[in-house]
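# Understanding the architecture of this molecule
What follows is each chain in one-letter form.
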Amino acid sequence: MAGPAEGTYDADPVWARQLLDHLRPAGRDAGKVVAWLSGTVRASVSLRDAAGHLLAGEPVPVDEGLAADVVRGRIASAAWDGQGHHVRLVRVGLPDSAGVLAVSRTTPFDRSAADVVTHTAALLELLLRARESAATGYRLRQAAADLRLAILQLLMVEDPVSARRVAAGLWPGLLDTDTACVYVVEGRPEDRDRIAEECLTATREEALVVRCPAVDAHVIVVAPGESADEALRAVVDRRHDAYLGGSTRQRLACTAGAYGQAVSALAVARFRPEKAAVYAERTHPERLMDPAALTAWTVRLLRPLDELPCHVGGELLATTRLGLEFTAVNAAKVLGVSRNTVRARMTRAEGLIGADFSDLTARAAVHLALNAQICLPGQEEASAPAVTARFADLLAGPAVRAWAHDLLRRLDDDARDLRGTMRAWIAADGNAERAAQRLGVHAQTVREHVRGAEPVLERQLLAGGRDLYEVVLAHLATGDLRPPALGPEERGDQGAPVHG
């Protein structure tokens, strides 16, 4: 940048206005300030730290003894002439120490040029301190966000006691409750940080607000209080591209299941004008089954996991819940473990339960049991109930069958054979290529039909998880698919399960 003519700095205050412009949010850059100074006073300029490392500008030969005196504060500035160069050194306070602004030019410094250098040094000090304060603030916010994620991960593996201990240091009383609701707010990924801050403000920091480690567009909120629902709906209302899904109130130890409910409700929210939904707002098949039979079947199926040591069984249950809802990669991100750990735990749970998780109907059945387990009143339910029931018996009740027929009947109104495609796709365990071979169509046609069924059923299908499992249960209840055999009793296996 060309500067004003020599000796005109006092008469023309343009340089002062230009210097102040560097305080604007878009111009707070030490390198740009140094470049501006170089052009304004027609000089070579460098900004160095206490060790002599260049922070901005170009290398300028200086007397290292004088530079050291300036850094230590023995003198505030220094100037000398020699070998055709005129050099000025000015101390610049840095957040942890001090630096030196060195300015060298071929013409002597007049009073105005010296003023420009002095004022620039003061502005650089201000900018560098502000930048360090901003960096410190960012690090503190990041540390708090990491701590919130750690607390969520402890809740996800059914360890609310440890979660309370971690939270007590920074957020006393946050988890001093036995129950909570889990919400998922979805927006644009680039807006997530702002949405998270809005959620913190809306809940008055009385909820656990976490940026989802698995989905960039999601913010997870664990809300012990009763007012979070209305507050979070207000956050969503202010954004045309935001949605809210919420769970029913659950025990803190059931946070993983509540999270799955919130994600399921989020899929419904995308089809609603209010852009928000709560899991309890929709009829779910487990609510239509005989409670005693459902409890008996659930306890019997999951007993091999319940008989493990508490911390081992809790890890397997939590991992299986999330592993059935999401991919191994995303479940691993939520839990804070490796994907191989998730797969190993799923494989162990699969063997203990006696279910083939590659079979979509088996996955749906185990998911039903895990979801029903959340609603059991207490651990005393683990004793063997008097009622006995098989999985097929749960689906044979008139209420479940009526629900299933009503749900799948929606597909019949479409000119495309959505129902036939869905049946073949589920029978192929969600594999579009295998379903296409059975139907004699292209795999892309299968995917388009499944995608077309999503708004009709108000359920997210291609992503898998709770919504898909409900549709699978509906096909089983109507007889469109055969129920899987689960556990040694239903498989006719007289041997005891292996509790490795």
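Further up the page is the structure itself.
Predicted, not measured: the structure shown is a model, and the values here were computed from it.

### Focus on the pairing of strand β3 (residues 77–82)
Direction of pairing for β3 relative to strand β4 (residues 85–93): antiparallel, over a ladder of six bridges. Within β4, the residue paired with aspartate 81 across the bridge is histidine 86. Where β3 folds back on β4, the antiparallel hairpin that results is connected by two residues, among which glutamine 83 adopts a positive phi of roughly 55°.

### As for helix α3 (residues 64–72)
Here α3 has its buried residues at Ala67, Val70 and Val71. Take α3 and look down its axis: the buried residues cluster within an arc of 100°, on one side only. Where α3 is buried, its residues contact β1 (44–48), β3, β4 and β5 (98–105). Just downstream of α3 lies glycine 73, where phi reads positive at about 85°.

### Some remarks on the sheet that holds strand β2 (residues 54–57)
Think of a sheet as strands paired side by side through backbone hydrogen bonds, with each pair either parallel or antiparallel. Taken in spatial order, the five strands make up an open sheet running β2-β1-β5-β4-β3, and their pairing is antiparallel. One side of each edge strand has no neighbouring strand; the edge strands of this open sheet are β2 and β3. Adjacent strand axes in the sheet meet at a mean angle of 20° when their direction is disregarded. Relative to β2, β1 runs antiparallel, the two sharing three bridges.

### Side note on the pattern of salt bridges
Tallying each qualifying case throughout the model produces 25 salt bridges. Residue arginine 211 is joined to glutamate 197 by a salt bridge in which the shortest nitrogen-to-oxygen separation is 3.7 Å. Note that arginine 211 is positioned in strand β7 (residues 208–211) and glutamate 197 in helix α6 (residues 192–202), a separation of 14 residues in sequence. By relative accessible area, which is 25% here, arginine 211 ends up partly exposed. Overlapping salt bridges, with partners in common, bring together Arg188, Glu190, Asp191, Glu198, Arg239 and Asp241 in one network.

### Here's the deal with the packing of helix α16 (residues 418–427) against helix α17 (residues 432–439)
Two numbers describe how α16 lies on α17: the axes approach to 8 Å, and their chain directions differ by 125°. Between α16 and α17, the angle falls in the class oblique. Here α16 runs over α17; the crossing is right-handed. Side by side, α16 and α17 meet where Gly420, Thr421, Ala424, Trp425 and Ala427 of the first sit next to Ala432, Ala435, Arg438 and Leu439 of the second.

### Digging into the pairing of β4
As paired strands, β4 and β5 are joined by eight bridges and run antiparallel to one another. By the bridge assignment for β5, valine 92 is matched with glycine 99.

### Thoughts on the environment of valine 219
When you line up the elements, valine 219 lands in strand β8 (residues 218–223). C-alpha separation for the pair valine 219 and valine 209, spaced ten residues apart in sequence, amounts to 7.0 Å. Those residues in contact with valine 219 that sit more than four places away from it in its chain are Tyr183, Val184, Val185, Arg192, Ile195, Ala196, Cys199, Val209, Val210 and Cys212.

Analysis parameters
- Residues numbered from 1 in each chain as written.
- Predicted model: local features only at pLDDT ≥ 70, side-chain atom pairs only at ≥ 80, totals over all residues.
- Heavy atoms only, no water.
- Pairing = 2+ DSSP bridges.
- Helix = DSSP H or I, 4+ residues; strand = E, 2+ residues; numbered from the N terminus.
- Buried < 20%, exposed > 50% of the residue type's maximum accessible area, 1.4 Å probe, protein only.
- Arc of directions from axis to C-beta.
- Contact = heavy atoms within 4.5 Å.
- Axes fitted to C-alpha atoms, helices over the stretch in contact; angles between N-to-C directions.
- Salt bridge = Lys/Arg side-chain N within 4 Å of Asp/Glu carboxyl O.
- Parallel < 35°, antiparallel > 145°, perpendicular 65-115°, else oblique.
- Left-handed = near helix turned anticlockwise from the far one by under 90°.

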